[in-house]
Amino acid sequence: MALKQSQLTATLLTSIVAAVFGSLQIGYHTGNVNAPARIIEEFFNATWTSRHNQSMPEHSLTFLWSLSVSIKDFGALLGSLGVKGLAESFGRRNSILIVNSLSIISACLMFSSKSLESFEVLIMGRLIFGLFCGLAMSLNPLYIQGVSPTNLRGAFATLNQVSFASGILLGMVVGLETVLGTEENWAMMLSLSLIPAALQYLTLPFCPESPRYLLINQGKEEQAEKALQRLRGNPDAVIQEIEEMKEEATHSQSGVTIREFLTKKRYRQPIRLVLIINLGSQLSGFNAIINYSTKMFAKSKFDEAKYLTLGVGAVNVAFTVVAFFLVERAGRRRLLLTGFLSLALCNMLMTITDSILHIVPDVRSLHVFVVFFLISAYEVGPGPISWFIAAELFDQSARPMAMAFTSMLNWGGKFLLALLFPPLLKLCGAYVYLLFMAMALVAFTYTMFRLPETRGRTFDDIAAEFRGAEGIPLHNKTTFNTFST
């Protein structure tokens, strides 16, 4: 990766790191609830018993726990609806700071639920944290891409996923019974996200607002120049980017309504791309593995299934780091195509190994290998890119709504999978993975024929691919060849 030394300033790096403290919190609360599930269920039952002098019925306990886990994703789905309003009213940086307060409130509620002897407070805390998830995972890429130079835009956006995956692994480790996943300490474990939340408040306020927001949305050219000077440290780079932003501003309208977003021809192809890439990513089997890997390994007769689950978390982090280094070398298209095709292959192998596991027990090692391969295939392309590709395909005026759409698809997919995977697994058995394979193949095919490469191109250049007279042909040979990588 060709890194221009003048573009890697301390302010730029601080801005990126400060922003991704939010995704670290989200990953942490994604990974920390699986290991101590039994202990928290016992808290639910003990609370019910103290109130009603009888144990909670088994089916009610199961439902309550499922609600506690899935309500975060439902809250995120609701939170996605507020991305456009916040981003346009308060700016990218300030919006991140505002929604960070939701994380602090939720952590305090989850921590206090034990002393208050109220599982309702815990569930409310998870719901509020879900609102934070839906907002932060869209606002972060908006801010990161707004402050990043073109040649590092994808790599820095991928750091959002690196932080998220690191949070998952950290949550898995801290949630172990040998660490804080105990009857005495589980409430404190749930509150540890206060640390990165506090770090974000100590760093991000001193970072500049997105120059693109200041110039294109607010018309504040002088403030945009000052912000860029802090971020780049190179007057020539500042002048060049200001001119590029002005060019984009001439093609951007002041605001895009929901109706315009859904009906304008220039947005139709990007909407379809975002829809299929995100659904292909979320319904590719990855979330099923993350949520149910411990049960999968236990079914394979591994004694310490929870430690193999830590292996899943470690592979998850490792390949997001690989994606960070590859995304500006190989490009978005190539990583997405490789990832989706590999996911399809993995799901076919999952069907085969899971089907014969009870007949040939020795195949369990291959089963674990396929799980690890599936995780790596997801994180090397579809995982990180699906979260930020919308910010590259849409112009400045439609970008917040596109990111809200991305967030709704991602969290909606996670929520649906959390609800539907157990009954589908019971109904279809090992053949459920063929559904994931089909979804990955659909995403592969559509990406191959419709997604232009965005690496190294300005936002205005990418938008021009769809703009023209309300629709430049996607394969216009005089401007850009969609099939090039």
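Rules and cut-offs
- Residues numbered from 1 in each chain as written.
- Predicted model: local features only at pLDDT ≥ 70, side-chain atom pairs only at ≥ 80, totals over all residues.
- Heavy atoms only, no water.
- Helix = DSSP H or I, 4+ residues; strand = E, 2+ residues; numbered from the N terminus.
- Contact = heavy atoms within 4.5 Å.
- Phe/Tyr/Trp six-rings, centres within 6.5 Å; stacked < 30°, edge-to-face > 60°.
- Lys NZ or Arg CZ within 6 Å of the ring centre and 35° of its normal.
- Axes fitted to C-alpha atoms, helices over the stretch in contact; angles between N-to-C directions.
- Parallel < 35°, antiparallel > 145°, perpendicular 65-115°, else oblique.
- Left-handed = near helix turned anticlockwise from the far one by under 90°.
- Nonpolar A, V, L, I, M, F, W, Y, C, P; charged D, E, K, R; others polar.
- Salt bridge = Lys/Arg side-chain N within 4 Å of Asp/Glu carboxyl O.
- Buried < 20%, exposed > 50% of the residue type's maximum accessible area, 1.4 Å probe, protein only.

Here we come to the environment of Gly171. Within the secondary structure layout, Gly171 lies in helix H7 (residues 153-174). Separated by 18 residues in the primary sequence, Gly171 and Met189 place their C-alpha atoms 8.7 Å from one another. Ignoring sequence-local partners within four residues, the contact set of Gly171 consists of Tyr28, Gly31 and Asn32.

Let us now look at the packing of aromatic side chains. Per the stated rule, a full pass over the model turns up 16 aromatic pairs. Grouping aromatic residues by their ring pairs yields a cluster made of Phe43, Phe44, Trp65, Phe119 and Trp186. Across the ring face of Phe459, the terminal group of Arg153 is positioned such that the distance to the ring centre comes to 4.5 Å. Above the plane of the ring of Trp411 lies Lys414, whose end atom (NZ or CZ) is 5.5 Å from the centre.

Here the focus is the packing of helix H17 (residues 332-356) against helix H18 (residues 364-379). Relative orientation of the contacting elements H17 and H18 amounts to 160 degrees, with a least axis distance of 9 Å. Classed by the angle they form, the pair H17 and H18 counts as roughly antiparallel. Where H17 crosses over H18, the handedness of that crossing is left-handed. Packed against H17, whose contacting residues are Gly339, Ser342, Leu343, Leu345, Cys346, Asn347, Leu349, Met350, Thr353 and Asp354, the element H18 presents Leu366, His367, Val370, Val371, Phe373, Leu374, Ala377 and Tyr378 at the interface. Of the residues belonging to the contact of H17 with H18, the class tally is twelve nonpolar, five polar and one charged.

As a further point, take the pattern of salt bridges. Taken as a whole and assessed by the stated rule, the structure comprises 18 salt bridges. Note that Arg38 and Glu177 form a salt bridge whose closest N and O atoms lie 3.8 Å from each other. In this pair, Arg38 sits in helix H2 (residues 37-52) while Glu177 sits in the loop between H7 and helix H8 (186-191), placing the two residues 139 residues apart along the sequence. On the basis of relative accessible area, Glu177 is assigned to the partly exposed category, the value being 46%. Note that Lys72 and Asp73 form a salt bridge whose closest N and O atoms lie 3.5 Å from each other. Summarising the burial analysis for this pair, Lys72 and Asp73 share the class buried. Each of Arg153, Glu328, Arg332 and Glu392 takes part in a single network of salt bridges with overlapping partners.

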